[in-house]
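Reading the structure
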Amino acid sequence: MIDRIEILITRATIIDLKATVNYNTKECIINDETYSVTDEFLKELKDLLYGWTNEYGNSNKIDREEFFINVISTNDTTTYHGKGNYPLNYSRLRELLGEVYGK
């Protein structure tokens, strides 16, 4: 069972998005603001990450978006990372998080 998901998205040295999604309290803290989220949001977030590989590689190009995601469960932590290379549904992840805080 997932306890929380931590998401950090950067571009160069600038933090674009920092989020912690707590599955127990149904809260999402994005860039230091707390939002309530629905069961549907939590399910879609989990489903989006299903099937991702742990590493998508690093692009050497300047200003490529880089993501770090930790899925923390009771007995395990799974980490995902990529810079300039993303899973096919990565844009939906960005959209889903944007729906929470209005971006």
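Above: the structure in question.
One structure accompanies this document, and this report is about it. (Residues numbered from 1 in each chain as written. Predicted model: local features only at pLDDT ≥ 70, side-chain atom pairs only at ≥ 80, totals over all residues. Heavy atoms only, no water.)

As a further point, take the sheet that holds strand 3 (residues 27–30). The mixed open sheet is built from seven strands, whose spatial order is 4-3-2-1-6-7-5. Across the chains shown, the open sheet's two edge strands, defined by having one partner strand only, are strand 4 (33–36) and strand 5 (55–58). In this sheet, adjacent strand axes meet at a mean angle of 15° when their direction is disregarded. (Pairing = 2+ DSSP bridges. Helix = DSSP H or I, 4+ residues; strand = E, 2+ residues; numbered from the N terminus. Axes fitted to C-alpha atoms, helices over the stretch in contact; angles between N-to-C directions.)

All right, on to unusual backbone geometry then. Not every positive phi belongs to a glycine, and Asn31 is a case in point at roughly 45°. Exposure remark for Asn31: the relative accessible area of 35% places this residue in the partly exposed category. Residue Asp32 is not a glycine yet carries a positive backbone phi of 75°. Within the element layout of this structure, Asp32 appears in the loop between strand 3 and strand 4. (Buried < 20%, exposed > 50% of the residue type's maximum accessible area, 1.4 Å probe, protein only.)

On to the packing of aromatic side chains, then. Under the counting rule described, the total for this entry stands at seven aromatic pairs. When the centroid spacing of 5.7 Å and the interplanar angle of 65° are considered together, the rings of Trp52 and Phe67 count as edge-to-face. In this pair, Trp52 is assigned in the loop between helix 1 (39–49) and strand 5 and Phe67 in strand 6 (residues 65–73), connecting sequence segments 15 residues apart. Take Trp52: its relative accessible area is 9%, and that puts it in the buried class. On the basis of relative accessible area, Phe67 is assigned to the buried category, the value being 0%. Both rings, one in Tyr56 and one in Phe67, keep their centres 6.2 Å apart while their planes meet at 50°; by these two values the pair is tilted. Of the two residues, Tyr56 sits in strand 5 while Phe67 sits in strand 6, which places them eleven residues apart along the sequence. Here the aromatic cluster, defined as three or more aromatic residues joined through ring pairs, consists of Trp52, Tyr56, Phe67, Tyr80, Tyr86 and Tyr90. (Phe/Tyr/Trp six-rings, centres within 6.5 Å; stacked < 30°, edge-to-face > 60°.)

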